[in-house]
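The primary structure of each chain is shown beneath.
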Amino acid sequence: MVSAYRIQGATGEWEVVIGLEVHAQVTSKAKLFSGAATEFGAEPNTQVSLVDAAMPGMLPVPNQECIRQAVRTGMALEAKINAWSRFDRKNYFYADLPQGYQISQLYHPIVGEGQVEIEVGEGSAKRVGIERIHIEQDAGKLMHDQHPSFSYVDLNRSGVALMEIVSKPDMRSPEEAGAYVRKLRSILRYVGSCDGNMEQGSMRADVNVSVRRPARDGQEVVPFGTRTETKNVNSVRFIMQAIEYEANRQVDLIESGGTVVQETRLFDPDKGETRSLRSKEDAHDYRYFPDPDLLPLELSDAFLEECRASLPELPDAKRQRYERELGLSAYNAGVLTAEVETARWFEELLAATGKSGPDVGKAASNWVISDLFGALNRLGKGIDESPVSPAQGAELLGLVADGTLSGTLAKQVFEIMLETGEDPAKIVEERGLKQTSDTGAIEAAITDVMAANADKVAEYRGGKDKLFGFFVGQTMKAMHGRANPQLVNDLLRKALS
Amino acid sequence: MSVDTATVRHIARLARIAVTESEAEALVPELNNILGWIEQLQEVDVAGVQPMTAVIPNRLRLREDKVTDGGKRDEVLANAPIAEHGLFAVPKVIE
Amino acid sequence: MTALTDLGVAAIRDGVREGAFSAAEVAQAFSAAVAGAKALNAYVIETPEHALEAAEQADRDRAAGNLKPLSGVPLGIKDLFATKGYQTTAGSNMLGGFEPVYESTVSGNLFAAGAGMLGKLNMDEFAMGSSNETSAYGNVISPWRRSDGGNAPLTPGGSSGGSAAAVAARLAPGVTGTDTGGSIRQPAAFVGITGIKPTYGRCSRYGMVAFASSLDQAGPMARDVRDCAIMLEAMAGFDPKDSTSLQLDVPRWEAELSSDIRGKRIGIPKEYRIEGVPEEIDRVWEQGIAWMKDAGAEIVEVSLPHTRYALPTYYIIAPAEASSNLARYDGVKYGLRKMPESGGLAEMYEATRAAGFGAEVKRRIMIGTYVLSAGFYDAYFNQAQKVRALIARDFERVWEECDLLLTPTAPSAAFALGEKSDDPIAMYLNDVFAVPASLAGLPAMSVPGGLNEQGLPLGLQIIGKALDEQGVLNAGLAFEERAGFTARPEAWW
Ligand SMILES: [Mg+2]
Ligand SMILES: [Zn+2]
C-alpha cells in the first residue's frame, strides 16, 4: 500500500478529492452533425458548413461513426451502453457558439457507468469509476490578439464531435489523476476513438477538486468539500499542477477562515496557478431540453454487436497476455502495451520472427526496450517513424538467435541499419560481420595471444582469475570482434588450464 | 407561478434581450397573464405518462462519415455584419 | 374569356400543356396583379423575373415535350422559406436584407417541378401570430371586407397572412404556407381558400426558418383541394438533410383524388363545441356535417378529452423551442447587429435582439426561457410534453371509432386589424381548434364552408390519421363539391 497523498496544512492533514471531465475529440472524418471536415490546422472557416454556422433553417443530421466510436469507447471502459439515448440542447450565448446552444446529452447519455483501472505506485492497482460518457458538439475558436477592439471567430472546430467522459470523484492525488488520464488516453488510442493529441486539443480535462479531512479510524464517510472546476486543462502535467495548486489554495483558504466557493476556474500554465473565471459565471442557467430537431437515438443489437466485435485487445488484457504467453516481466509487458503503436510494432516484430512464446518474447522485448527505444530516443523519433522496420528487427533477432551475430556484432549491425535502412543480412554479408565459430582460427589466435603475453599467462595460472577477461578481450580483438564469444570462452579456458 | 420585475430582468438577461425598466414593468402583467393561463396544465393527471419524444413514430437516421461539405468560407461569411481576414468579428471578448 | 389570374394551379398546368396560353403570359399576368396590389401588402418582395424565367423555361420544355408537374405555374413563397439569392426575412427586422446562399428543400422541390416564384409573402414575425400583425413589414390587409358597409381593414389571419391574401386576391394561384399551430388553416379559413398541413415529417424543414421544430410543417394553400394535392405532391418527400423527415414515397395524391367517401366514419369531437364561440360557427359546422352525410359518410359523435389543454400545452412547447431556435440571431453571422457605444459582446447581443425582435417574438422568447429555466423545467416543459402525449393518445383512441374528424377551423370569422392585438391570449385562442392536430403531428386541412352574415368566409377543418393525407383530401373534395364555394372578394385594392 502506497502512503496516502496528504496536504499538510497548518491545522493538520487534508485529503484531496478529484473528479475529471475529459473532453475527447472523436476520431471521424466529418463533424457530428454536418458533412464538414474535422482535420486539424485548416485555414479559418474553411471547414464550416451552413449547419455549423447556424444559418436559419439548417438542421443537424448525426454522423454514425461518432456514435459508433462513443459506444466502442464505453465498451472498452466496461460501461453500460444505453441503447436508447437522446440529444439535448444546452442553451447559452457565446461568440464561439453559433447556434446559441450546444447539442449535448444531459438527461439520457449514450454511455452509463464504467471503470478504468490505474496503477498507483509499484504494482498496486486502483479502480476509478466512470459516471457517464455523452456525445456533444465542440465550439468554435475565438482569437483575441489580432485586433484592438475585435475578437475573431473561426468555426472550423464548431460542431466537431466530442465525448465527454465524466469520472466519479474517485481520485485522491495528482499522481492518480495523471495515471487516470494517461490510462484513459491509452485506451482511447487503442480503441481508435480519439487520437489523444493533447497539444492539438484533442483531449482536455475539466478538473474538479475539493479537500476534506481524512477519515479517522472508525469514521466511515467524510462529506466532500465544496469543489471548484478548472476548465480545459490540456496536458497531464498541467492537470497535476492544477490539482496541486488548487488543493493547496483551498486548504490555505479554509485554514485562514475563508470558504471555498463552487466556481469555474482557469489554469495559467505559465504561472502554474488557477484563477477564478467570474466573467463566465454570470447567470448560468443552461435550460437543457431535448433537441426537437433530433429523434431519440436507438441502437440496434446488430449495431452494438458490430461495435463490440470491432474492439481490439485492450492494454490491460494485452499486458497480461504478454506476461503469460511471452514470459515477459511485468515491467516489460507494461512498457510494451502502454502505447498502441508500441504494441502494434512489437507484435509485427514477433509475427515476422515466425516464432512464438518465451523463445522469442524475452529477446524481442529486451531488444525493443533497450536497443530500439534507445536509438529512437537518440533520434528523437516515435516508434511509428522508426527507420528500422519490424521485419528488419525480426531478421536481426534471427541472426542473433542462430549464432550468426554475437550481441556485440548485433549492436554494430543495428547501428548500420539505422543509418542506411539496409537489411541486417545484407549488412552482415557485405561487410563480413558474421560471427565465426571456426575453432581452428580461434585456437590460432589464442596461441598468438598467449605467446605475446606469457607473463600474464603465468600470473593467471598463479591464481589471478581476473585476467581471464583480458584474454577474452585480446582474443576477440585478434578475431576483429567476430568470434563466437561462447566458443572463445570455452577454448580459452581449455588453453589456459 | 408568477414573475416580478427582477425575474423579468433575469429572464431577459438569460435571453439576451435588453429591456428598459419600463419595458420590464410592462412585461410583468403580460407574462403573468400568460403564465397564469398555462398554469391550468398542472391539473392534468399525468401519472405514468411518458413525455412525448417523437411526434410521428420515426427512427433517427445516421449519416455516413463522409466529408461532403465545407470549403465555402465566402458563403459562410457572405451575410456577416462584420467579417475580416476570413473570420467573423465580434466586440473584443475579455476572458 | 376568364382572366389568366382567375385560374388555379391545375387549370394553369393543363392550359399550358394544352397550349391554351403560354406560361410566360400567365407569369406576366400574375406579376402584374401582384404589382397592382400593393395596398394589400401581401408580398414583402416581388420577383417577377424569377416567375418569368421559370415560365419561359416551361414554354421551352413544352416545345421539347419535357413538361414537369408544375411547369408554367407561378407561386408565392412564404418568407419563412430560404430562397437562394432572394431576401428571406421571416417577417423580422432581424433578417432584413438577409440573402441566403441556399434554397429550402420545399421551395427547391417546387422550382424543380417547374414552378416559378412571384415573390416572398408577408407573414407574422418568425411565424408567431394569428393575424399577420406582428410582421416587421407591416400588416397584410385581407382582400375581404364586411358586407355591412364597415370598411375596417380585416386580418387575413396568420401567420401565413400574406399567403392567404395572395391566393384570395388572385395574386397567385397557389402559395406555400407553414403551420406550427394553425398558421396555414386559420388564414385559409379567414380568406375562403383551402390549405393543408400534412403529417409532421412529410415536408422537409431544411431551409425553413425554424419557429418550433417539433411542430413546424410546410403545406400548400390554394383555391381548391385539387390544387393543394398537386402542390403538396411537389413539396413533400424524404429529405436526408432533415432528421425528422419521413422516409416514405410521396403518394400520388392528385391521381388518387376521389370524392367518393361512402362508408367513411367522420367523427365530430364534442370537446370542440366550446363556450363563447359565435353561433355562425356552429351553423357552418352543422352544414358541413350535413354535406358529409349527403356524401354517404357515417357521422359519429366522439370525444377527445384533453382538447382543452392543447392550447396551453402549445404555449409552453412552442415558446420553449422558439427561445432556443431564435438564439442564433445574435448579430454575429448574419442579419441585424446593434452595437451600443460602449460595451462588449453581451451588450451587443442584448441590443441586437432588443432591436431585431418585435414585441410578440420577445414575449414568446421570454415565456420559453422562463419555462425552461432552472426549477421550472419539470413543472412546465416536461408536464406539457406529457400532456402532449395524452393529446396524441386521444387521437389514437378516436381512430378506433372514426376515420376522419370534422371541426371548425377557427372560432370566428376574420376580425378587424387591431381588434385583438393588445390581448395575447385572445389572439392565441384563434388557434384553439387548430393546435391539437399540430401537437399530434396529424394532417389537417381547412376548406371553405360558406359566408357569414357579414359576407366573410368561414372554414371547416378535416383532420386525418397520420399519413392519411389522401383521406383528408378526398373528404375535402366531397365537401367542396357540396359547398360549391365560389365567393371571392371584390377587388378594391
Ligand atoms: Mg465540464
Ligand atoms: Zn462538455
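What comes next concerns the included structure. Note that this is a predicted model, so its numbers are computed, not measured.

As for the sheet that holds strand β5 (residues 101–104) of chain A
1) Next: Taken in spatial order, the 3 strands line up as β5-β4-β15 (chain A) in an open sheet, and their pairing is antiparallel. With partners counted over all chains shown, the strands left at the sheet margins are β5 and β15 (289–290) of chain A, one partner each.
2) Next: Across the sheet, helix α9 (residues 310–325) of chain C touches β4 (88–91), β5 and β15 of chain A, and the angle it forms with β4(A) is around 60°.

Details of the coordination of the magnesium ion (ligand 1)
Residue and element names in this part refer to chain A.
1) Next: Every protein donor of the magnesium ion (ligand 1) is accounted for by E21 (OE), D206 (OD) and E229 (OE), and the metal-donor separations fall at 2.0 to 2.5 Å.
2) Next: The sequence pattern describing where the donors of the magnesium ion (ligand 1) fall on their chain is E-x184-D-x22-E.
3) Next: A spacing of 5.1 Å is found between the magnesium ion (ligand 1) and the zinc ion (ligand 2). Note that E21 is positioned in strand β2 (residues 12–25) and D206 in strand β11 (residues 203–212), a separation of 185 residues in sequence. Like E21, the residue D206 is buried in the burial classification.

Details of the interface of chain B and chain C
1) Next: Between chain B and chain C, the residue contacts involve 50 residues of the former and 70 residues of the latter.
2) Next: Both sides of the chain B and chain C interface together cover about 5,100 Å² of buried area, and 70% of this is carbon and sulfur.
3) Next: At the boundary of chain B and chain C, one finds 3 salt bridges.
4) Next: Residues B:E43 and C:R308 are paired through a salt bridge, measuring 3.4 Å at the closest nitrogen-oxygen approach.
5) Next: In this assembly, chain B and chain C are joined by 19 residue pairs in polar contact (both at pLDDT 80 or more).
6) Next: For the side of chain B that touches chain C, the secondary structure elements donating two or more residues are α1 (5–14), α2 (21–38) and β2 (87–91) of chain B.
7) Next: Taken together, the residues that form the side of chain B that touches chain C break down as 34 nonpolar, 8 polar and 8 charged.

Comments concerning the packing of helix α9 (residues 358–379) of chain A against helix α11 (residues 407–420) of chain A
Residue and element names in this part refer to chain A.
1) Next: With their axes 12 Å apart at the nearest point, α9 and α11 run at an angle of 40° to one another. By the angle between their directions, the pair α9 and α11 is classed as oblique. For the pair α9 and α11, the crossing hand works out as right-handed. Of α11, the residues touching α9 (which contributes W367, D371, L372, A375, R378 and L379) are K411, F414, E415 and L418.
2) Next: Class assignment for the residues of the contact of α9 with α11 results in 6 nonpolar, no polar and 4 charged.

Section: the packing of aromatic side chains
1) Next: All chains considered together, the criterion is met by 31 aromatic pairs over all chains.
2) Next: Feature note: the residues C:F98, C:F126, C:Y329, C:Y334 and C:F357 constitute an aromatic cluster, connected by ring pairs.
3) Next: Residue placement shows A:R213 over the ring face of A:W14; its charged tip is 3.8 Å from the ring centre.
4) Next: For C:R145, the ring lying beneath its charged end belongs to C:W492, and the centroid distance is 3.9 Å.

Quick notes on the sheet that holds strand β1 (residues 83–84) of chain B
1) Next: In space, the 4 strands of this open sheet follow the order β8(A)-β9(A)-β2(B)-β1(B), with antiparallel pairing throughout. Edge strands, defined here as strands with exactly one partner in the open sheet, are β8 (141–143) of chain A together with β1 of chain B.
2) Next: Judged from the 2 bridges that link them, β1(B) and β2(B) form a sheet pairing that is antiparallel. From the neighbouring strand, B:A83 faces β2(B), where its bridge partner is B:F88.

Remarks on the pattern of salt bridges
1) Next: Scanning the model with the defined rule gives 67 salt bridges over all chains in all.
2) Next: With its nearest N and O atoms 2.8 Å apart, the salt bridge here joins C:R185 to C:D179. Comparing C:R185 with C:D179, the two get one shared label, buried.
3) Next: Close ionic contact of C:E254 with C:R226 constitutes a salt bridge, the shortest N to O distance being 3.3 Å. With a gap of 28 residues between them, C:E254 in the loop between α7 (225–235) and β7 (265–269) and C:R226 in helix α7 connect regions that are remote in the sequence.
4) Next: A network of salt bridges, in which partner residues are shared, links A:E313, A:K318, A:R321, A:R324, A:E325 and A:E347.

Quick look at the pairing of strand β9 (residues 404–408) of chain C
All names here are of chain C.
1) Next: With 5 of its 5 residues buried, β9 lies for the most part within the structure.
2) Next: Here 5 bridges tie β9 to strand β11 (residues 457–464), and the two strands are oriented antiparallel to one another. Each residue of the ladder has a partner; that of L406, found in β11, is I462.

Structural notes on the interface of chain C and chain A
1) Next: Listed per partner, the contact involves 37 residues of chain C and 30 residues of chain A.
2) Next: Summing both sides of the interface, chain C and chain A together bury roughly 2,800 Å²; the carbon and sulfur share of this comes to 61%.
3) Next: Of the charged contacts in the structure, one is a salt bridge between A:D293 and C:R205, with a shortest N-O distance of 3.0 Å.
4) Next: At the surface where chain C touches chain A, the tally comes to 17 residue pairs in polar contact (both at pLDDT 80 or more).

Scoring rules and cut-offs
- Residues numbered from 1 in each chain as written.
- Chains lettered and ligands numbered in written order.
- Predicted model: local features only at pLDDT ≥ 70, side-chain atom pairs only at ≥ 80, totals over all residues.
- Heavy atoms only, no water.
- Pairing = 2+ DSSP bridges.
- Helix = DSSP H or I, 4+ residues; strand = E, 2+ residues; numbered from the N terminus.
- Contact = heavy atoms within 4.5 Å.
- Axes fitted to C-alpha atoms, helices over the stretch in contact; angles between N-to-C directions.
- Donors = N, O, S within 2.8 Å, 3.2 Å for Na, K, Ca; no water.
- Buried < 20%, exposed > 50% of the residue type's maximum accessible area, 1.4 Å probe, protein only.
- Buried area = accessible area lost by both parts, 1.4 Å probe.
- Salt bridge = Lys/Arg side-chain N within 4 Å of Asp/Glu carboxyl O.
- Polar contact = N/O pair within 3.5 Å; in protein donor to acceptor, adjacent residues only side chain to side chain.
- Nonpolar A, V, L, I, M, F, W, Y, C, P; charged D, E, K, R; others polar.
- Parallel < 35°, antiparallel > 145°, perpendicular 65-115°, else oblique.
- Left-handed = near helix turned anticlockwise from the far one by under 90°.
- Phe/Tyr/Trp six-rings, centres within 6.5 Å; stacked < 30°, edge-to-face > 60°.
- Lys NZ or Arg CZ within 6 Å of the ring centre and 35° of its normal.

By themselves, these observations are geometric and do not establish any function.
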